[in-house]
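Here is how the chains run, residue by residue.
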Amino acid sequence: MSEPGIFHVSPRADPTGVQDSAAAIQNAIYAAGDSLGGGIVRLPRGVYKVNTTLTINDNNVFLEGDGGGYIVSGVTALRETAATRIVWGGAAGANVIYFQTPTGGQIKNGGGVRKLMVDGNGLSAAAGINIETWGNGVLEDVVVFACSDHLYRFGVVDHTLTAGTGDIQRWR
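What you are looking at is a predicted structure, and each value in this text was computed from that prediction instead of being measured.

## Overview of the packing of aromatic side chains
Now for step 1: In total, this model carries 0 aromatic pairs according to the counting rule given.
Now for step 2: Of note, Arg114 hangs over the ring of Phe62, and the distance from its end group to the ring centre comes to 4.0 Å.

## Re the confidence of the model for the chain
Now for step 1: Looking at the chain as a whole, the pLDDT averages 79, with 76% of positions reaching at least 70.
Now for step 2: Note on residues 156–168: pLDDT is under 50 here. Beyond four places in sequence and across chains, it has 27 contacts.

## Details of the pairing of strand E3 (residues 39–42)
Now for step 1: Across 3 bridges, the pairing between strand E1 (residues 6–8) and E3 is parallel. When the sheet's bridge partners are listed, His8 is paired in E3 with Arg42.
Now for step 2: As judged from the 4 bridges shared by E3 and strand E6 (residues 61–64), these two strands associate in the parallel manner. Its bridge partner being in E6, Gly39 is matched across the sheet by Val61.

## Structural notes on the pattern of salt bridges
Now for step 1: According to the stated counting rule, one finds 4 salt bridges in the structure shown.
Now for step 2: Between Glu64 and Arg42 there is a salt bridge, with the nearest N and O atoms lying 3.6 Å from each other. Of this pair, Glu64 sits in strand E6 while Arg42 sits in strand E3; the two residues are 22 residues apart in sequence, bridging distant segments of the chain.
Now for step 3: Among the residues examined, Glu64 registers a relative accessible area of 13% and is labelled buried.
Now for step 4: Among the residues examined, Arg42 registers a relative accessible area of 16% and is labelled buried.

## Let's talk about unusual backbone geometry
Now for step 1: Each neighbour pair has its own omega, and for Ser10 with Pro11 the value is 0°, a cis peptide bond.
Now for step 2: Examined against the element boundaries, Pro11 turns out to sit in the loop between E1 and strand E2 (16–20).
Now for step 3: Even without a glycine there, the phi angle at Asp141 is positive, about 50°.
Now for step 4: Inspection of the secondary structure assignment puts Asp141 in strand E11 (residues 136–145).

About the thresholds
Residues numbered from 1 in each chain as written. Predicted model: local features only at pLDDT ≥ 70, side-chain atom pairs only at ≥ 80, totals over all residues. Heavy atoms only, no water. Phe/Tyr/Trp six-rings, centres within 6.5 Å; stacked < 30°, edge-to-face > 60°. Lys NZ or Arg CZ within 6 Å of the ring centre and 35° of its normal. pLDDT = per-residue confidence, 0-100. Contact = heavy atoms within 4.5 Å. Pairing = 2+ DSSP bridges. Helix = DSSP H or I, 4+ residues; strand = E, 2+ residues; numbered from the N terminus. Salt bridge = Lys/Arg side-chain N within 4 Å of Asp/Glu carboxyl O. Buried < 20%, exposed > 50% of the residue type's maximum accessible area, 1.4 Å probe, protein only.

Below you can see the structure in the form of structure tokens.
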């Protein structure tokens, strides 16, 4: 950590998308959650393959990249617009990012996802972002697409678009 409240995934995470970066990102999430008041997990420009779900179960923890991209025609073109992309490489049916209800069932406050793309990678990830409970939070400059079940899920209410690689949700 070089700045207070900022937790960098580099150099342990692979920004080329070849190696699994889930452990490095998850360790930064744990460090941010353990700090007083939460923090920002920084993913610099690159493609980060994750084979296991990134779980956030503390308040005020953000995942932040360098840009989520924008909607264009064609999946390849869409992927190329993102400065920071998290790509699912794990088993079918899992979540890419999971905001889990804290122990004791309290509503999570603060935190979120900013400036990155969540890519379900050919519909193998069930949900791009799954949020169990959230009193307040931020989704900003985020693109989620190519997930088999839900692009995003809030609590018991599912927000689903018709399945297919062209299905995209964008938050600005």
